[in-house]
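# Working through the structure, step by step
What follows is each chain in one-letter form.
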Amino acid sequence: MRMYDIIMKKRDGNELTENEIKFFIEGYTKGDIPDYQVSALLMAIYFRGMTDNETAFMTMEMAGSGDMVDLSPVPGIKVDKHSTGGVGDKTTLIISSIVASLGVPVAKMSGRGLGHTGGTIDKMESIPGMRIDIGREEFLNIVKTVGASVIGQSGNLDPADKKLYALRDVTATVESIPLIACSIMSKKIAAGSDCILLDVKCGSGAFMETLDDAIKLAEVMVSIGEKVGRKTIALITDMDRPLGYAIGNSLEIEEVCETIKGKGPLDLEKICIDLAGNMLYLANKGTIEDCREMAKETIKTGKAFNKLKEIIKAQGGDIAVIEDNSKFEKAKVITHVKASKDGFITHFDTKGCGCLLYTSP
């Protein structure tokens, strides 16, 4: 088998076989296939697209290129969540606490910020003492005893994706929907959960700025999940304005605490109830409506907030700052910016808000 023939086949718009995709992914991960040939194939995929079978084959080959997390020691149906990224997107700790408080284990590996979007791990590290680099055995033990753990991705999780993404970034092929879908789903599958909830952001602060593109990406990812035996649901959510009121790592953790106590912004609380409700539904806890009501109840009773504190304590975090947010370290310079006249906000440059914060030196 030759890489030349695979490139030519995709260039001409034909479907690649499972063996051809396996040859390409294995060869590139090992360093046997050069960047210039893989660049040519990525550009052919960008223009020609991929079939559902091709994306499923490629996803599984990428997932299997490194460590595959075995969550079988954790009893119950394990549900994972992935957000395609946005500004002020701070849902992970809220919904993990809600879902875990209702007996559904959450073993989540999250990433750092990318471009104008903030990362869950960066936000968690603003909590004094919080550990996100936790070994596999301790990670599983926390999930079993506490119900949830959120850590950084291990170094050898999906190495094929790391190499391919770096190449896509310099060859103008990042925006390919099939390649985005394979990248996201391969990491989720390697992370080992039984079910996957996808939060596909859409709007000026998202990578998918149009509804059509968001729907296409959601459909491709759900198709991959179904083909590889993972029960998968995708929600398309608004990112035409920052989520909640706060942008910035410790500020967003403060808003997490307020929201999980029922005192946060309504838009953030609503999306968290929807996401948590769907995760509970995937875990067979009831109908969507019943699951949403269960999620709301954990906030009203304080059950979710108590679970949040358990999760943070188990990973070494100082729960004193969670119980009293005034103990968070404050910025040395605080400036109040006031409107020069009365009026209404009709539009947010959401991406600009993210760039101002997450890409600042």
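I will try to describe carefully the structure that is included in this document.

## Points about the packing of aromatic side chains
Geometry of an aromatic ring pair is reported as the spacing of the ring centres plus the angle between the planes. Applying the stated criterion across every chain, the model contains one aromatic pair. With centroids separated by 5.2 Å and ring planes inclined at 85°, the aromatic side chains of Tyr46 and Phe47 adopt a geometry described as edge-to-face. Note on Tyr46: relative accessible area 35%, which makes it partly exposed. Residue classification places Phe47 among the exposed positions, given a relative accessible area of 64%. The ring centre of Tyr28 lies 4.4 Å from the NZ or CZ of Lys163, which sits over that ring. For the cation-ring pair, Lys261 lies above Phe305, with the distance from its terminal atom to the ring centre recorded as 5.1 Å.

## Looking at unusual backbone geometry
With a phi close to 55°, Asp158 is a non-glycine residue in the positive phi region. Tracing the chain through its elements places Asp158 in the loop between strand 3 (148–152) and helix 8 (159–170). A residue is classified by how much of its surface remains accessible, and Asp158, at 0% relative accessible area, is buried.

## Re the pattern of salt bridges
In this structure the tally under the stated criterion is 21 salt bridges. Linking Glu289 and Arg292 is a salt bridge whose minimum nitrogen-to-oxygen distance equals 2.6 Å. Of this pair, Glu289 and Arg292 both sit in helix 13 (residues 288–301), separated by three residues, roughly a single helical turn. Overall, Glu289 belongs to the partly exposed group, its relative accessible area being 47%. When salt bridges with common partners are traced through the structure, they connect Lys270, Asp274, Glu289 and Arg292 into a single cluster.

## A word on the packing of helix 5 (residues 91–101) against helix 12 (residues 266–282)
Taken N-terminus to C-terminus, the directions of helix 5 and helix 12 make an angle of 45°; their axes are 9 Å apart at the nearest point. Comparing their axes, helix 12 and helix 5 come out oblique. Crossing angle aside, the handedness with which helix 5 passes helix 12 is right-handed. Here helix 5 contributes Thr91, Ile94, Ile95, Ile98 and Val99 to the contact with helix 12, which in turn contributes Leu268, Ile271, Cys272, Leu275, Ala276, Met279 and Leu280. Each residue belonging to the contact of helix 5 with helix 12 can be placed in one class, and the counts come to eleven nonpolar, one polar and no charged.

## Quick notes on the packing of helix 1 (residues 3–11) against helix 3 (residues 35–48)
Put simply, helix 1 and helix 3 touch, their axes get as near as 8 Å, and they point 15° apart. Put simply, helix 1 runs roughly parallel to helix 3. For the pair helix 1 and helix 3, the sense of crossing is left-handed. Contacts from Met3, Tyr4, Ile6, Ile7, Lys10 and Arg11 in helix 1 reach Gln37, Val38, Ala40, Leu41, Ala44, Ile45 and Arg48 in helix 3. When its residues are assigned to classes, the contact of helix 1 with helix 3 shows nine nonpolar, one polar and three charged.

## Notes on the side chain of Thr59
In this fold, Thr59 is placed in helix 4 (residues 52–63). A residue is classified by how much of its surface remains accessible, and Thr59, at 0% relative accessible area, is buried. Sequence-distant contacts of Thr59, that is, excluding residues within four places in its chain, are made with Cys182, Met185, Ser186, Ile189 and Ile224.

## Comments concerning the sheet that holds strand 5 (residues 231–238)
Within the open sheet, the three strands sit side by side as 1-4-5. Their pairing is parallel. The two strands at the open ends of the sheet, each matched to only one other strand, are strand 1 (79–83) and strand 5. Along the sheet, successive strands turn relative to each other by an average axial angle of 20°, direction set aside. The sheet contact formed by strand 4 (residues 195–202) and strand 5 spans eight bridges and is parallel. Note on strand 5: the bridge partner recorded for Cys195 is Lys231.

## Brief notes about helix 13
Across its 14 residues, helix 13 extends 20 Å between first and last C-alpha, which sits within 8% of the 20 Å expected from 1.5 Å per residue. Within helix 13, the full set of buried residues consists of Cys291, Ala295, Thr298 and Ile299. Buried residues of helix 13, seen end-on, are gathered within an arc of 100° and therefore sit on one face of the element. Of the residues in helix 13, the exposed ones pointing more than 90 degrees away from the buried face are Lys300 and Thr301. Residues of helix 13 that are buried in the fold lie against helix 5, helix 11 (249–260), helix 12 and helix 14 (303–314). Of the residues flanking the end of helix 13, it is Gly302, one or two places downstream, whose phi is positive at about 85°.

## Regarding the pairing of strand 2 (residues 106–110)
One face of the sheet, then the other: side chains in a regular strand alternate in exactly this way. The element strand 2 is extensively covered by neighbouring structure, given that five of its five residues are classed as buried. By the alternation rule, side chains of strand 2 split into Val106, Lys108 and Ser110 and Ala107 and Met109, which are all buried.

## Quick look at the environment of Asn325
Among the secondary structure elements, Asn325 is positioned in the loop between helix 15 (319–323) and helix 16 (350–358). Taking the relative accessible area as the measure of exposure, Asn325 reaches 12% and is therefore buried. Separated by 43 residues in the primary sequence, Asn325 and Leu282 have C-alpha atoms spaced 33 Å apart. Setting aside chain neighbours within four positions, we find Asn325 in contact with Glu254, Cys257, Glu258 and Lys330.

Definitions and cut-offs
- Residues numbered from 1 in each chain as written.
- Predicted model: local features only at pLDDT ≥ 70, side-chain atom pairs only at ≥ 80, totals over all residues.
- Heavy atoms only, no water.
- Phe/Tyr/Trp six-rings, centres within 6.5 Å; stacked < 30°, edge-to-face > 60°.
- Buried < 20%, exposed > 50% of the residue type's maximum accessible area, 1.4 Å probe, protein only.
- Lys NZ or Arg CZ within 6 Å of the ring centre and 35° of its normal.
- Helix = DSSP H or I, 4+ residues; strand = E, 2+ residues; numbered from the N terminus.
- Salt bridge = Lys/Arg side-chain N within 4 Å of Asp/Glu carboxyl O.
- Axes fitted to C-alpha atoms, helices over the stretch in contact; angles between N-to-C directions.
- Parallel < 35°, antiparallel > 145°, perpendicular 65-115°, else oblique.
- Left-handed = near helix turned anticlockwise from the far one by under 90°.
- Contact = heavy atoms within 4.5 Å.
- Nonpolar A, V, L, I, M, F, W, Y, C, P; charged D, E, K, R; others polar.
- Pairing = 2+ DSSP bridges.
- Expected span 1.5 Å × (residues − 1).
- Arc of directions from axis to C-beta.

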